[in-house]
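# Survey of secondary and tertiary structure
Letter by letter, the chains look like this.
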Amino acid sequence: MTPIQETIINKKTNNTPIWLMRQAGRYLPEFREIRKVNPNFINLCLNENLSSEITLQPLKRFELDAAIIFSDILMLPHGLNQKVEFKKNHGPQLGPLNLDQISKIDEIDFIEKLYPIYKSIKKVSENNLIKNKNLIGFVGAPWTLLVYMINKQSPKKKLIKDFFKDEFLINRILIILEKFLKLHIDHQIKNGATIIQIFDSWAGLLEEKDLPNYVYIPTLSLVEYVRSLGIPVICFPRGVKNYKNYCDIVKPDAVNIDYDVNPISICKEINIPVQGGLDPKVLLTDIENLKKQALKYLNTFKDHPYIFNLGHGVLPETKPDMVDYLVKMVNDY
Ligand code: CP3
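These remarks concern the structure in this document. Note that the coordinates shown come from a computational prediction; the quantities given were computed from them, not determined experimentally.

We now examine the overall build of the protein. On a plain count of helices and strands, the protein comes out with 14 helices and nine strands. For 333 residues, the compact-globule formula gives about 20 Å, and the C-alpha radius of gyration of the protein, at 19 Å, lands near that figure. For the C-alpha atoms alone, the extent of the protein along its principal axes is close to 55 × 45 × 35 Å. Each of the 333 residues in the protein was classed as buried or not, and the buried ones make up 57%. Here the analysis covers contacts within the protein between residues at least 6 apart in sequence; of these, 74% occur between residues at least 24 apart. Averaging the locations of the 43 positively and 38 negatively charged side chains of the protein gives two centres separated by 3 Å.

Glancing now at the nonpolar core. Within the largest apolar cluster, 125 residues are counted, with the highest numbers of intra-cluster contacts made by Leu80, Phe110, Trp143, Phe308 and Leu326. With 11 residues, helix α9 (residues 167-190) is the largest single contributor of residues to this core. Ignoring any residue separated from it by four or fewer positions in sequence, one finds Phe110 in contact with Leu76, Gly79, Leu80, Ile105, Tyr118, Phe180, Leu183 and His184.

Turning our eyes to something else, we now look at the pairing of strand β5 (residues 195-199). Regular strands have side chains that alternate between both faces of the sheet. With five of five residues buried, β5 is to be regarded as a mostly interior element. Burial along β5 is two-sided: the face carrying Ile195, Gln197 and Phe199 and the face carrying Ile196 and Ile198 are both buried. As judged from the five bridges shared by strand β4 (residues 134-140) and β5, these two strands associate in the parallel manner. Its bridge partner lying in β5, Phe138 is registered against Gln197. In this sheet, strand β6 (residues 233-236) lies alongside β5 in parallel orientation, the contact comprising four bridges. Directly across from Ile196, in β6, lies its bridge partner Val233.

Quick look at the pattern of salt bridges now. Applying the stated criterion to the full structure yields 13 salt bridges. As a salt-bridge pair, Glu48 and Lys119 come within 3.6 Å of each other at their nearest N and O atoms. Within this pair, whereas Glu48 is found in helix α4 (residues 48-61), its partner Lys119 is found in helix α7 (residues 107-125), the two being separated by 71 residues in sequence. Across the pair Lys328 and Asp324 runs a salt bridge, and its minimum N-O distance is 2.9 Å. With Lys328 and Asp324 both in helix α14 (residues 320-332), this residue pair falls four residues apart, about one helical turn. Since its relative accessible area comes to 48%, Lys328 is described here as partly exposed. The exposure class assigned to Asp324 is partly exposed, which follows from its relative accessible area of 23%. By sharing partners, the salt bridges in this structure join Glu207, Lys209 and Asp210 into a single network.

How each quantity is defined
Residues numbered from 1 in each chain as written. Predicted model: local features only at pLDDT ≥ 70, side-chain atom pairs only at ≥ 80, totals over all residues. Heavy atoms only, no water. Helix = DSSP H or I, 4+ residues; strand = E, 2+ residues; numbered from the N terminus. Rg over C-alpha atoms; globule rule 2.2 N^0.38 Å. Buried < 20%, exposed > 50% of the residue type's maximum accessible area, 1.4 Å probe, protein only. Contact = heavy atoms within 4.5 Å. Lys, Arg positive; Asp, Glu negative; His and termini not counted. Charge placed at Lys NZ, Arg CZ, Asp CG, Glu CD. Core = buried A, V, L, I, M, F, W, Y, C linked by side-chain atoms within 4.5 Å. Pairing = 2+ DSSP bridges. Salt bridge = Lys/Arg side-chain N within 4 Å of Asp/Glu carboxyl O.

Written out as structure tokens, the structure reads:
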């Protein structure tokens, strides 16, 4: 068993595995080198040679316990033929959402469109660098994908006023997403993903009363699906106020916490393995502070199954030396 599987499945607490969200990204000069000559982000994700190389870049530098496949949650709407573009300093921009068109997509066309992602996973899974480590496949949760598909870009602090106006559209999209997310998960696992993480980055935008419909029910269905395939599933419902409720209802194998939650109370309230929490901005400060803040998580979870990670992705301004220090420190703990 890999260190992460020991933590998630055997609930071991005497070693703390580590990997980082966005561990392959713009803070690495070797990534920027590739990115510079590949201005189209979607095409880069669909280039199996480059995406597999990028996935492995952080493993060449740091003693991490997992690789996460270099792709994006928005490859799913792309697979459904909704236009997705990443404009410089602007984040993602999606095109019009046409329900008739999306309803007609068939599974073979979808898989064909995303095929290079699966080939990339296969390549990484066959590489020596991933031995005794996990290869993490991932999807966006139905709710977060719905937000992007309707809002067309990252929402600011709240949803647009008439977000829920077209209830029929929303319910249809959620049903279509569930079907294609399962297909996407299935193909990632078949090609070598050994854990699935579900990112619900905009769960925090919903009021408590809307969580069952848009977050709990659709995510539970995915969690049960991954489990039926015999693979652990980690959920990251960023910004939800009540992580305990979420875990009790959705029942993931592990939960990633964001940096706004208090690790001490989470540790007391939640029985399942926990991942993450450290504010990525801490990596922009100094070694002293990094050590202090990382120790806070390590000490809090010393008797709880815990996977070290951040409360959100590594920021582009991060110095690789800081990541190096953090990984060594966690491994030596
Ligand atoms: O974590 C990893 O290293 C694996 C790859 C990965 C990416 N995106 C690559 C990426 C993963 C797991 C994601 C998930 C993702 N994508 C989420 C969920 C996590 C989160 O951030 O909340 C979301 C909401 C997206 C959508 C998305 N993709 C946004 C909002 C942006 C723009 C913001 C930014 O950082 O520029 C992206 C682009 C993106 N996805 C980049 C990377 C490395 C940056 C692309 C670049 O080089 O310009």
